[in-house]
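Chain by chain, the residues run as shown.
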Amino acid sequence: MLDLELTRSNDIVIVRITGSVISGREVDTVASALEFVPEDEHLVIDLGDAVEIEPSCLADIERVLRQRSLIAEAAIVSSRPEITLQLVVHGLDRLVPVVPTVDHAAAIVRARCGRPAA
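What you see is a predicted model; the values in this text were computed from it and never measured.

Colleague: I keep staring at the overall build of the protein and nothing clicks. Help me out?
Modeller: Secondary structure assignment for the protein yields four helices and five strands. Reading the protein from its N terminus to its C terminus gives the helix and strand order β-β-α-β-α-β-α-β-α. Expected size for 118 residues packed as a compact globule is a radius of gyration near 13 Å; at 13 Å, the protein falls within 12% of this value. The principal-axis extents of the C-alpha atoms in the protein amount to approximately 40 × 25 × 20 Å. Out of the 118 residues in the protein, the part that is buried amounts to 46%. Partitioning the intrachain contacts of the protein with sequence separation of at least 6 by distance along the chain shows that 68% fall at a separation of at least 24. For the protein, the accessible area works out to roughly 6000 Å², and carbon and sulfur atoms hold 53% of it. The distance from the centre of the 11 positive side-chain charges to the centre of the 19 negative ones in the protein is 4 Å.

Here is the structure:
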C-alpha cells in the first residue's frame, strides 16, 4: 500500500513516500505527485518509510530531478539499506545527495542554495 504526503517546510517541499511502490498505478501516482511540485521549488523526496520501490519509479524520480537540477536543489532521504542500495545502483546518488534524515536533507538543500538553516 502506498501513502503520499506533500508538505512544505519553509522554502522546501517534502514529498514523503510511505509503503510500497510496486504496481504501475502506484508508480504513476508517485510520478504525478512529483510533477505537481513546481520545478523552481526546492525538493526533498523522503523514502525513509518506503518498503519497496519498483525500478520504473526510480526512473521517474531521476527524470524529475534532472529537469529541476538547473533551477532548484533537491535531496533524497533513505534510511533503509535495501532502498539506499537501489538508489546507488540506479545512480541517483550521483545526481543529488542521499541522506538518512529529512533534517539532514533540508540542511543540505538550504546550504547548497545559500540559505541559512531554519
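Now that the structure has been shown, we can carry on.
Colleague: Explain the packing of helix α1 (residues 24-36) against helix α2 (residues 55-68) to me, please; I cannot follow it from the model alone.
Modeller: For any two helices packed against each other, one specifies the inter-axial angle together with the distance between the axes. In the contact formed by α1 and α2, the axes pass within 9 Å of each other and the chain directions differ by 10 degrees. By the angle class used here, α1 and α2 are roughly parallel. Facing α1, whose interface residues are Val-27, Val-30, Ala-31, Leu-34 and Glu-35, α2 presents Ser-56, Cys-57, Asp-60, Ile-61, Arg-63, Val-64, Gln-67 and Arg-68.

Colleague: I tried to follow the sheet that holds strand β1 (residues 2-9) on my own but got confused; where do I start?
Modeller: Spatial ordering of the open sheet is given by β1-β2-β3-β4-β5, a layout of five strands whose pairing is mixed. The open sheet has two free edges, formed respectively by β1 and β5 (98-99), since each of these has just one partner strand. The strands touched by α2 are β2 (12-21), β3 (42-53) and β4 (74-77); relative to β3, the strand with the most contacts, the crossing angle is about 175 degrees. Docked against the sheet, helix α3 (residues 81-90) engages β3, β4 and β5, running at close to 120 degrees with respect to β3.

Colleague: What is the right way to read the pattern of salt bridges from this model?
Modeller: Side chains bearing opposite charge may pair, as long as their charged atoms lie close to each other. Scanning the entire structure with this criterion turns up nine salt bridges. Among the salt bridges present, the one from Arg-66 reaches Glu-62, with a minimum N-O distance of 3.1 Å. Within this pair, Arg-66 and its partner Glu-62 are both found in helix α2, separated by four residues, close to a single helical turn. Overlapping salt bridges bring together Glu-5, Arg-16 and Asp-46 as one network.

Colleague: Help me out: how do you make sense of the pairing of β4 in this one?
Modeller: Every regular strand shows the same layout, with side chains that alternate between the two sheet faces. Neither face of β4 is exposed, since Ala-74 and Ile-76 on one face and Ala-75 and Val-77 on the opposite face are all buried. Looking at chain direction, β3 and β4 are connected through four bridges and run parallel. Bridge pairing links Ile-45 to Ile-76 in β4. In the classification by handedness, the crossover that spans β3, the intervening α2 and the parallel β4 is right-handed. With respect to chirality, the unit in which β4 leads through α3 into the neighbouring parallel β5 is right-handed.

Procedures and definitions
Residues numbered from 1 in each chain as written. Predicted model: local features only at pLDDT ≥ 70, side-chain atom pairs only at ≥ 80, totals over all residues. Heavy atoms only, no water. Helix = DSSP H or I, 4+ residues; strand = E, 2+ residues; numbered from the N terminus. Rg over C-alpha atoms; globule rule 2.2 N^0.38 Å. Buried < 20%, exposed > 50% of the residue type's maximum accessible area, 1.4 Å probe, protein only. Contact = heavy atoms within 4.5 Å. Areas by Shrake-Rupley, 256 points an atom, 1.4 Å probe, with all protein chains shown as cover. Lys, Arg positive; Asp, Glu negative; His and termini not counted. Charge placed at Lys NZ, Arg CZ, Asp CG, Glu CD. Axes fitted to C-alpha atoms, helices over the stretch in contact; angles between N-to-C directions. Parallel < 35°, antiparallel > 145°, perpendicular 65-115°, else oblique. Pairing = 2+ DSSP bridges. Salt bridge = Lys/Arg side-chain N within 4 Å of Asp/Glu carboxyl O. Right-handed = clockwise from strand over helix to strand, strands pointing away.

Distances and angles like these do not, on their own, reveal function.
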